[in-house]
Amino acid sequence: MGNQYVEMGLTAPVNVTWEVTYGCNLTCVHCLSDSGNRRNGELTTAQARQVIDQLARLNVFQFNIGGGEPFMRQDFLDLMDYAHENGMVTCISTNGTLIDDDIAARLDRQLVYIQVSLDGATPATNDPIRGDGSFAKVIRALTCLSRRDIEVSINTVLTRLSFPELDRLVTLAADYGAKLRVSRFRPSGRGKQSWAQLNVNRGQMAEFSQWLAEHLAVSTGDSFFSVSTSERRSLGLNMCGACKLTCCISPEGHVYPCAFLQDPEFLAGKLPDKDFEEIWQQSPVFESFRGLEIKSCESCHRFDLCHGGCPAIAYHTQRKLGVPDPGCLANCVSVKPVAAEVH
Amino acid sequence: MSVCKVYTLKNGVQVRRETFGLLFYDYRGPRLYFVPTKDLIEDDFFQGRRSLAELVGDIQERQGWPTDWIEERLDQILTTLERKDLIDGQSIC
């Protein structure tokens, strides 16, 4: 990874996470955006197309689409077609419950990845987190998608419940021609309430880090860069990419450093009224974030490997930036335990 | 090195200009490649509309560098990009 080039500042993000709606037909206990009902002020179709225009003009390579549940938007597939016509790759994170043969056929052979969320290898593990019957619906979606030429991953949030089932999830994914992707649990949205109960402990995180080293085909979307071992060094980032390689757009068009930092103090601007290029290059919020230094980590032997870890977890557990990620493998001093109180 | 060639991006690969040079994105990974070409190559060169000979000529005219040096430098870059399966070179002679 060309850190020195990233630090020089890119003209635009490499990818942008776009939460297209708060609407969701599930109420997962760890939902990062506290989704449920659609809300007033979500971007209209015309506004959403303007957002795509702005990002395509800057040659942003990829949209990572999330929500809420993206397929709750009636215009969602039209918007994806529009993004693809503009040469953008899309990665859709979905709960899978609304995917049927018709939707799978429409996504076939497009510039698209699909990530279907599943938080356990059995209904007994998954459904208490994601809702009754959700496991069976995801299996139906995976069946529909497996018949098409679409890159599919099962996306699992690492929790105390999913951790023991990772090997079974790898097998389950392979059964449907999919890969497994594991995401880090962060205490934002409803995750604040379930953090203490669901987040892995330090020992499990260390064990997971080793497991990742032995499963190089499992992807992480860089969400575990701070605990990566040398075996995975070449597979991704060794620092937080927020405001440097990526950022997040909320359903209302608000631009934030990342999906997990959407508190008012991180609002960098609103699309499409404001120009995205101006926000990316001149927003004081982004400039400040790019200059973030985790001073207390700089003398650590792992600093070059993680640069202090995930600022979002540090912020949500300690209510400030510039402090170490409490999930640090080196067991940094002056941080609370992983299951720290969430503000 | 034959300069009688054009280059295009492989399927699933995109490129854009940055201050350090070229940033390639490979959808098939997905992977990023940072290529410090400075001002040597513009991203639209990979649309396949201009030959390598034309590019060498443009750089020579703009910078006044020896043609041999320019060709050697471009050869290094383009060979690496081909080896990484990011671009395709086609002879046009």
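Our structure is the block above this text.
None of the values given here were measured: they were computed from a predicted structure.

Trainee: I'm lost on the overall build of chain A in this one. Help?
Mentor: In terms of regular secondary structure, chain A is built from 13 helices and nine strands. For 343 residues, the compact-globule estimate of 2.2 N^0.38 gives 20 Å, and chain A sits close to it at 19 Å. Viewed in the frame of its principal axes, chain A has a C-alpha envelope of about 55 × 45 × 35 Å. For chain A, with 343 residues in total, the buried portion stands at 60%. Within chain A, counting contacts between residues at least 6 apart in sequence, those at least 24 apart form 68% of the total. Approximately 13,600 Å² of chain A is accessible, and the part contributed by carbon and sulfur atoms is 48%. Placing the 32 positive and 39 negative side-chain charges of chain A at their respective mean positions leaves the two points 3 Å apart.

Trainee: How should I be thinking about the interface of chain A and chain B in this particular structure?
Mentor: One frequently used descriptor of interface size is the decrease in accessible area upon assembly of the parts. Each side of the interface is counted separately: chain A has 24 residues, and chain B has 18 residues. Counting the surface lost from both chain A and chain B, the interface buries some 1,700 Å², and carbon and sulfur atoms represent 60% of this. By the criterion of area lost to chain B, the three top residues of chain A are Tyr5, Phe61 and Tyr113 of chain A, representing 36% of everything that side buries. Across the chain A-chain B interface, the total number found is zero salt bridges. Summed over the shared surface of chain A and chain B, the number is eight residue pairs in polar contact (both at pLDDT 80 or more).

Trainee: Got a minute to help me understand the sheet that holds strand E3 (residues 21-26) of chain B in this structure?
Mentor: Strands in a sheet are paired, the pairing made by backbone hydrogen bonds, and the direction either parallel or antiparallel. Residue and element names in this part refer to chain B. Pairing is antiparallel across the open sheet formed by three strands, whose spatial order is E2-E3-E4. Of all strands in the sheet, those with a lone pairing partner are strand E2 (13-18) and strand E4 (31-35), marking the two edges. Pairwise comparison of adjacent strand axes, ignoring direction, gives a mean angle of 20° for this sheet. Bridging between E2 and E3 involves six bridges; their strand directions are antiparallel. The partner of Val13 across the bridge, within E3, is Asp26.

Trainee: How do you make sense of the pattern of salt bridges when you look at a structure like this?
Mentor: Where charged atoms from two side chains of opposite charge come close, those side chains can pair. Across all of its chains, the model carries 20 salt bridges over all chains by this definition. As a salt-bridge pair, Asp81 of chain A and Arg106 of chain A come within 2.7 Å of each other at their nearest N and O atoms. With Asp81 of chain A in helix H3 (residues 76-85) and Arg106 of chain A in helix H4 (residues 101-107), the pair connects residues that are 25 residues apart, well separated along the chain. The class of Arg106 of chain A is partly exposed, set by a relative accessible area of 33%. Across the pair Asp58 of chain B and Arg50 of chain B runs a salt bridge, and its minimum N-O distance is 1.8 Å. The partly exposed category is assigned to Arg50 of chain B, whose relative accessible area is 28%. Through salt bridges with shared partners, a single network forms among Lys10, Asp26, Arg28 and Asp85 of chain B.

Trainee: Would you explain the state of the cysteines in this entry?
Mentor: By definition, a disulfide links two cysteine residues through a covalent bond between their sulfur atoms. Inspection of the entire model under this criterion finds one disulfide over all chains. Disulfide partner of Cys4 of chain B: Cys93 of chain B, at an S-S distance of 1.2 Å. Here the disulfide of Cys4 of chain B and Cys93 of chain B is right-handed, its torsion about the S-S bond being about 105°. With Cys4 of chain B in the segment before strand E1 (5-9) and Cys93 of chain B in the segment after strand E5 (87-91), this residue pair connects regions lying 89 residues apart in the sequence. Cysteine Cys240 of chain A remains unbridged, with the sulfur of Cys310 of chain A as its closest cysteine sulfur at 6.3 Å. With a relative accessible area of 19%, Cys240 of chain A lands in the buried category.

Trainee: Even after reading the chapter, I still don't get helix H9 (residues 202-214) of chain A, so can you show me in this structure?
Mentor: An α-helical turn contains 3.6 residues, so a residue and the one three or four places further along point in the same direction. All names here are of chain A. Between its first and last C-alpha, H9 extends 19 Å over 13 residues, near the 18 Å set by a 1.5 Å rise per residue. Residues of H9 that are buried in the fold lie against helix H7 (166-175) and strand E6 (179-183). Where H9 begins, the side chain of Asn201 points an oxygen toward the backbone nitrogen of Gly203, at a separation of 3.1 Å.

Trainee: What exactly am I supposed to notice about the pairing of strand E4 (residues 112-117) of chain A here?
Mentor: Put simply, side chains in a regular strand alternate between the two faces of the sheet. All names here are of chain A. Of all six residues in E4, six are buried; the element is thus mostly enclosed. With burial as the criterion, each face of E4 is covered, one bearing Val112, Ile114 and Val116 and the other bearing Tyr113, Gln115 and Ser117. Chirality of the crossover, the property in question, places the unit of strand E3 (residues 89-94), H4 and E4 among those that are right-handed. Judged from the five bridges that link them, E4 and strand E5 (residues 151-157) form a sheet pairing that is parallel.

Trainee: What am I meant to see in the sheet that holds strand E1 (residues 15-19) of chain A here?
Mentor: Ordered in space as E6-E5-E4-E3-E2-E1-E7-E8-E9 (chain A), the nine strands form an open sheet in which the pairing is mixed. Looking at the sheet topology across the chains shown, the edges are occupied by E6 and strand E9 (269-270) of chain A.

Trainee: I'm lost on unusual backbone geometry in this one. Help?
Mentor: Most peptide bonds are trans, and most residues other than glycine sit at a negative phi. For the bond from Gly67 of chain A to Gly68 of chain A, the omega torsion is 15°, close enough to zero to count as cis. Assignment of secondary structure puts Gly68 of chain A in the loop between strand E2 (62-66) and H3. Backbone torsion omega between Leu271 of chain A and Pro272 of chain A reads 0°, so that peptide bond is classified as cis. Position of Pro272 of chain A among the secondary structure elements: in the loop between E9 and helix H10 (276-282). A positive phi is found at Lys38 of chain B, a non-glycine position, where the angle reads about 50°. Relative to the helices and strands, Lys38 of chain B is located in the loop between E4 and helix H1 (52-63).

Parameters at a glance
- Residues numbered from 1 in each chain as written.
- Chains lettered and ligands numbered in written order.
- Predicted model: local features only at pLDDT ≥ 70, side-chain atom pairs only at ≥ 80, totals over all residues.
- Heavy atoms only, no water.
- Helix = DSSP H or I, 4+ residues; strand = E, 2+ residues; numbered from the N terminus.
- Rg over C-alpha atoms; globule rule 2.2 N^0.38 Å.
- Buried < 20%, exposed > 50% of the residue type's maximum accessible area, 1.4 Å probe, protein only.
- Contact = heavy atoms within 4.5 Å.
- Areas by Shrake-Rupley, 256 points an atom, 1.4 Å probe, with all protein chains shown as cover.
- Lys, Arg positive; Asp, Glu negative; His and termini not counted.
- Charge placed at Lys NZ, Arg CZ, Asp CG, Glu CD.
- Buried area = accessible area lost by both parts, 1.4 Å probe.
- Salt bridge = Lys/Arg side-chain N within 4 Å of Asp/Glu carboxyl O.
- Polar contact = N/O pair within 3.5 Å; in protein donor to acceptor, adjacent residues only side chain to side chain.
- Pairing = 2+ DSSP bridges.
- Axes fitted to C-alpha atoms, helices over the stretch in contact; angles between N-to-C directions.
- Disulfide = S-S within 2.5 Å.
- Expected span 1.5 Å × (residues − 1).
- Right-handed = clockwise from strand over helix to strand, strands pointing away.

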